Amino acid sequence: MKWPAIASLTYKETIRNRILINILLFAVALIALSLIIGDWSLGEQAKVIKDFGLSAMSLFGLLIALFIGIRLMVQELEQRTIYLVASKPVRRWEILFGKFAGLSLTLLLNVILMLLALWAVDWIIEKRIDFELAAAVVLIYVEILLIVAFALFFSSLMSPTLAAVATLAVFIAGHLSPILRDYVQLHPGSGLKKLYLAIYYIIPNLENLNLKMAVVEHLERPPHAVGMGILYGLLYLSFVLTATCMIFEKKDLK
Amino acid sequence: MAGLLRKSCGAALLAALALSIHISQKNLDSGRRIEFINRSAVFLPRGNVLRALSMGYRGIVADWLWIKSVLYFGRRVMDADNPYYLYALYEGDQEKIQAAREHHEASHKHGQAHSAGPHGHVHDHEHIEREKAYLSSLKRPEMDRTVPVPPDSVFLLDENLKHSLFRFKNRGLIDGVYPLLDRVTTVDPHFVHPYIFGGVYAMFETGRLQESLDLLEKGRRHNKDRWEFPFYLGWLYWMYKGEMQKTHEYLVEAVQKRDCPKYVMALMAGLTRNMRQSDFTRLYLEGLLESTSDPHVIESLQGALEQLRAMDSR
Amino acid sequence: MTCFAIQTNRLRKVYQGELGQKDYVGLEGLDLEIPAGEVFAFLGPNGAGKTTTIKVLMRLLRPSSGSVMINGVSNTQHQSMERVGYLSEQPNIYGYLTAREFLDFIGKLFGLAPSVRRKRIDGLIGLVGLKDRDRTLIRGFSRGMTQRLGMAQALMNEPDILILDEPLSNLDPVGRKDMRDIILSLKAQKKTLFFSSHILHDAEIVADRVGILDHGRLVQTGTMQELMGSGLKTIEIIYSIPEAGESVLGLSRERIVRQGDRTLTWTENMESAQEILGKLLKNGGKVFSVTPQRQSLEDLFISRIRG
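Please read these numbers as outputs of a predicted model, since none were measured by experiment.

The rules behind the values
Residues numbered from 1 in each chain as written. Chains lettered and ligands numbered in written order. Predicted model: local features only at pLDDT ≥ 70, side-chain atom pairs only at ≥ 80, totals over all residues. Heavy atoms only, no water. Helix = DSSP H or I, 4+ residues; strand = E, 2+ residues; numbered from the N terminus. Buried < 20%, exposed > 50% of the residue type's maximum accessible area, 1.4 Å probe, protein only. Contact = heavy atoms within 4.5 Å. Areas by Shrake-Rupley, 256 points an atom, 1.4 Å probe, with all protein chains shown as cover. Pairing = 2+ DSSP bridges. Axes fitted to C-alpha atoms, helices over the stretch in contact; angles between N-to-C directions. Buried area = accessible area lost by both parts, 1.4 Å probe. Salt bridge = Lys/Arg side-chain N within 4 Å of Asp/Glu carboxyl O. Polar contact = N/O pair within 3.5 Å; in protein donor to acceptor, adjacent residues only side chain to side chain. Expected span 1.5 Å × (residues − 1). Disulfide = S-S within 2.5 Å.

**A short note on the overall build of chain C**
Piece 1. Looking only at helices and strands, chain C has ten helices and 14 strands in total.
Piece 2. Dimensions of chain C, computed from C-alpha atoms along their principal axes, come out at roughly 75 × 50 × 45 Å.
Piece 3. Each of the 307 residues in chain C was classed as buried or not, and the buried ones make up 48%.
Piece 4. Across chain C, the fraction of contacts at a sequence separation of at least 24, relative to all contacts at a separation of at least 6, is 69%.
Piece 5. A total of about 15,000 Å² of accessible surface is found on chain C, and carbon and sulfur atoms cover 49% of it.

**Structural notes on the overall build of chain A**
Piece 1. Of the regular secondary structure elements, chain A holds eleven helices and zero strands.
Piece 2. Of the regular secondary structure in chain A, the N- to C-terminal order runs α-α-α-α-α-α-α-α-α-α-α.
Piece 3. Counting only residues that meet the buried cut, chain A has 57% of its 254 residues in that class.
Piece 4. Taking contacts inside chain A between residues at least 6 apart in sequence as the whole, the part at least 24 apart equals 80%.
Piece 5. Carbon together with sulfur atoms contributes 72% to the accessible area of chain A, which is approximately 10,500 Å² in total.

**Here's the deal with the sheet that holds strand 3 (residues 39-43) of chain C**
Residues and elements named next belong to chain C.
Piece 1. Strand order across the open sheet formed by six strands is 6-7-8-3-9-10, with mixed pairing between neighbours. Looking at the sheet topology across the chains shown, the edges are occupied by strand 6 (84-87) and strand 10 (217-223). Adjacent strand axes in the sheet meet at a mean angle of 15 degrees when their direction is disregarded.
Piece 2. With respect to the sheet, helix 4 (residues 143-154) is in contact with strand 6 and strand 7 (161-165), its orientation differing from that of strand 6 by roughly 165 degrees.

**Description of the interface of chain A and chain C**
Piece 1. Listed per partner, the contact involves 28 residues of chain A and 31 residues of chain C.
Piece 2. Between chain A and chain C the total buried area reaches about 2,900 Å² when both faces are included, carbon and sulfur atoms providing 59% of it.
Piece 3. On the chain A side of the interface with chain C, the three residues burying the most area are A:Leu84, A:Lys88 and A:Pro89, jointly 23% of the side's total.
Piece 4. Along the contact surface separating chain A from chain C lie two salt bridges.
Piece 5. Across the contact surface, chain A and chain C share 16 residue pairs in polar contact (both at pLDDT 80 or more).
Piece 6. Among the secondary structure elements, those contributing two or more residues to the side of chain A that touches chain C are helix 1 (3-16), helix 4 (83-86) and helix 11 (225-250) of chain A.

**A short note on the sheet that holds strand 4 (residues 65-70) of chain C**
Residues and elements named next belong to chain C.
Piece 1. What the four strands build is an open sheet, ordered 2-1-4-5; its pairing is antiparallel. The outermost strands of the open sheet, each flanked by one partner alone, are strand 2 (24-34) and strand 5 (73-74).
Piece 2. Note that strand 1 (residues 6-15) and strand 4 share five bridges and pair antiparallel. In the strand pairing of strand 4, Asn9 is matched with Ser67.
Piece 3. Helix 1 (residues 50-57) contacts strand 1, strand 2 and strand 4 of the sheet and is inclined by roughly 115 degrees relative to strand 1.

**Side note on helix 7 (residues 160-176) of chain A**
Piece 1. Over its 17 residues, helix 7 of chain A extends 24 Å from the first C-alpha to the last, a length consistent with the 24 Å expected when each residue adds 1.5 Å.
Piece 2. Within helix 7 of chain A the residues assigned to the buried category are A:Ala163, A:Ala164, A:Ala166, A:Thr167, A:Val170, A:Phe171, A:Gly174 and A:His175.

**Section: the side chain of C:Thr265**
Residues and elements named next belong to chain C.
Piece 1. On the secondary structure map, Thr265 appears in strand 13 (residues 262-267).
Piece 2. Take Thr265: its relative accessible area is 0%, and that puts it in the buried class.
Piece 3. At 2.9 Å, the side chain of Thr265 and the backbone oxygen of Arg255 are in polar contact.
Piece 4. Apart from the residues within four sequence positions on either side, Thr265 is in contact with Ile235, Glu236, Ile237, Tyr239, Leu251 and Arg255.

**Digging into the state of the cysteines**
Piece 1. Tallying each qualifying case throughout the model produces zero disulfides over all chains.
Piece 2. The thiol sulfur of A:Cys245 is not disulfide-bonded, and the nearest other cysteine sulfur, from B:Cys9, lies at 14 Å.
Piece 3. The exposure class of A:Cys245 is buried, given its relative accessible area of 13%.

**Re the side chain of A:Thr106**
All names here are of chain A.
Piece 1. With respect to the helices and strands, the residue Thr106 is situated in helix 5 (residues 92-126).
Piece 2. For Thr106, a relative accessible area of 1% translates into the label buried.
Piece 3. Within the structure, Thr106 has its side chain in polar contact with the side chain of Thr14 (distance 2.6 Å).
Piece 4. In this structure, Thr106 is in contact with Tyr11, Thr14 and Ile15, ignoring residues within four places of it in sequence.

**Some thoughts on unusual backbone geometry**
Piece 1. In the Ramachandran plot, A:Arg80 falls in the positive-phi region, its phi being about 60 degrees despite a non-glycine side chain.
Piece 2. Among the secondary structure elements, A:Arg80 is positioned in the loop between helix 3 (45-78) and helix 4.
Piece 3. Taking relative accessible area as the criterion, A:Arg80 reaches 28% and is therefore assigned partly exposed.
Piece 4. Its identity is not glycine, yet C:Glu158 carries a phi of approximately 45 degrees, on the positive side.
Piece 5. With respect to the helices and strands, C:Glu158 occurs in the loop between helix 4 and strand 7.
Piece 6. Overall, C:Glu158 belongs to the partly exposed group, its relative accessible area being 44%.

So this is what it looks like as structure tokens:
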């Protein structure tokens with residue numbers, strides 16, 4: 001198994017890419033902002049902070065996943081650094097998976113740091129720590145990983161710009177797709193029902209991974225929402241990664 | 001050979017994963033609590049915040065909220081907790097209704113434990129009961145059909161007419177649709193349909209007169225060239241508040257707008273000539289019928305017109 | 001059955017054209033057999049398919065048809081690369097690593113134990129002369145330093161076979177000399193060396209055998225001897241001699257080129273050259289240089305490709 005070596009290399013690369021410094025800056029900015037926003041939102045300070053923090057976490061994560069995810073392989077090919085790696089006794093999928101695993105590790109660290117920052121602010125405001133936030137954060141992390149997988153997938157098929165657009169499109173479609181299911185439920189007689197459902201099941205349902213609102217509002221959750229959400233996300237992730245590995249396996253490294 | 005084997009292994013793995021994804025999605029969907037999703041929609045930021053957040057994409061954000069509102073509304077009406085929904089679904093077959101209800105309760109037993117809050121089903125049932133009591137307490141007054149009637153009793157011309165036009169079915173059930181519509185119309189104030197939807201159809205279902213009036217007034221403020229807003233406002237003031245003076249003012253305003261249909265003029269004339277209650281109502285209903293394309297509204301209006309005709313032939 | 005270090009069988013590579021463009025044939029029916037311990041120079045102009053061949057050997061490109069065997073193992077197996085060292089053309093190396101970190105990473109890819117890695121890294125850093133830069137980021141390395149680090153990584157697994165793509169190009173004179181010394185020392189260690197070059201001079205000095213590639217086809221292979229024969233064409237002599245002595249040499253006018261006080265003449269064989277030199281020295285002349293002019297690989301190359 002050579003992928004851990006590639007994973008640790010990628011981890012080093014992304015860490016030295018100064019991402020973490022950005023994240024720390026973000027955390028500091030969050031704390032500063034919370035104090036200002038606290039003045040504006042009478043009594044709802046904790047809710048606002050949590051909404052703000054979770055959304056920012058997901059958005060920042062998405063951006064990092066998107067841009068670094070796409071550059072992950074493209075950069076190796078463009079700068080021809082991959083030649084000295086792929087020519088070693090290593091399986092192609094190990095390179096791809098190693099890259100993915102390395103970035104995942106960086107993103108994990110990133111998400112953990114942000115959660116700690118959020119908890120710190122929560123402690124200042126509420127004098128208690130809302131551990132439920134972790135449930136939403138785990139799902140945010142799974143969603144970020146899924147976006148990385150899609151970025152890798154698309155960047156192995158098309159130019160980086162197109163791949164970024166396609167990945168973003170998956171992200172948006174993934175959050176909108178439940179509308180199709182709802183529509184079919186309301187209009188069971190619709191002639192296009194089968195088509196709508198087919199599209200609904202094909203597009204990753206990213207709303208499965210969205211517990212932000214529910215956690216902040218302390219709404220009741222569907223049973224197993226977190227567990228099944230994680231399972232769903234990981235299954236979809238494996239699917240996309242496997243497909244990407246199969247493409248990469250045959251790819252000419254020009 | 002080895003290549004082929006690897007390829008088919010890959011394909012088999014992909015197929016297995018796709019199947020598992022499908023199964024897990026079905027599982028997630030089946031475990032979904034409708035309230036859970038619905039309530040999250042109501043916790044959107046205020047309209048003006050959304051408006052700022054949507055930056056250059058206000059149209060799309062408004063559309064999205066609008067679709068959310070309709071789906072929200074529809075789902076509340078179709079919620080298995082709503083006895084009217086089950087009644088309509090199984091066309092009055094009591095056995096099937098009972099079976100569906102039992103199935104529903106069994107499948108949500110787990111969820112019940114969570115729903116002890118103020119927003120659970122208990123709340124909804126209470127509302128329905130209260131609504132039923134309210135409906136039966138309404139008495140049918142004797143009245144002279146040629147004289148303008150006092151507020152609050154116009155729609156009591158006839159019990160059946162009342163049921164057609166003002167179904168109350170979901171009064172209290174739908175507490176989220178007006179906030180949603182308010183957000184839609186704040187993000188995009190020139191999006192006409194949501195106002196009408198809230199002012200007429202949602203009004204028929206919920207009986208939230210004040211919210212409907214507010215929404216239509218907001219539409220009127222932002223869309224000064226549209227005749228629909230004064231027209232519908234006039235209708236609400238006539239039918240549900242019995243304020244002839246107000247109705248007249250609105251109709252005068254509507255007539256002056258571009259593209260205002262002829263029947264509005266006829267209505268105005270009828271009002272000043274002290275037309276018979278039922279004739280005026282019919283005229284208005286026909287106007288409403290002509291100005292809407294919403295199948296639910298059309299259905300309600302046609303029912304009401306039928307009732308009026310039956311009353312006249314009596 | 002003899003087992004070649006590198007063997008290709010009817011190797012063909014077609015690059016799929018982008019939308020609306022024609023397919024491009026990069027390699028056509030390439031058969032190569034390189035026995036162990038041989039130094040093979042792979043020559044050809046730019047775009048002949050040298051790099052394509054090497055990338056196919058290194059599993060970076062998939063051949064459209066044909067096969068590659070490395071030490072008797074098909075290179076579709078990643079294990080076939082265990083005993084191979086590879087240096088790509090103008091290698092690029094992760095700028096965010098130090099030379100040590102990079103070599104350690106490469107060692108991990110070869111599955112070497114940490115202690116082995118450490119020992120080899122120390123040796124290689126010395127060999128390629130990066131001793132005082134081994135802990136700085138590669139980002140600041142010059143072209144030549146990167147090339148040397150590339151050479152170090154190719155040697156990390158102590159390979160039997162080295163496949164080098166244009167190892168001597170794009171280097172300054174000192175860099176070229178260092179690199180050539182390393183290659184010669186590898187030759188002395190009886191490693192199998194397969195390197196490409198578009199500079200023929202490199203091959204003349206190092207290679208046992210050369211192959212000439214043009215438009216994706218192997219035009220000719222052979223030992224240096226086979227390709228060039230004895231190859232001696234002329235012997236050039238540059239001298240100066242006092243005016244009076246000129247006639248003593250008995251050279252025909254067409255064979256004299258005068259430039260200031262120096263004169264150039266040439267002859268076809270060793271005997272007459274020695275005769276001329278003897279007369280020159282006897283009559284107080286000075287000899288500046290005697291240069292045997294061989295048929296160069298360059299000439300061969302041009303005649304091959306044109307013909």
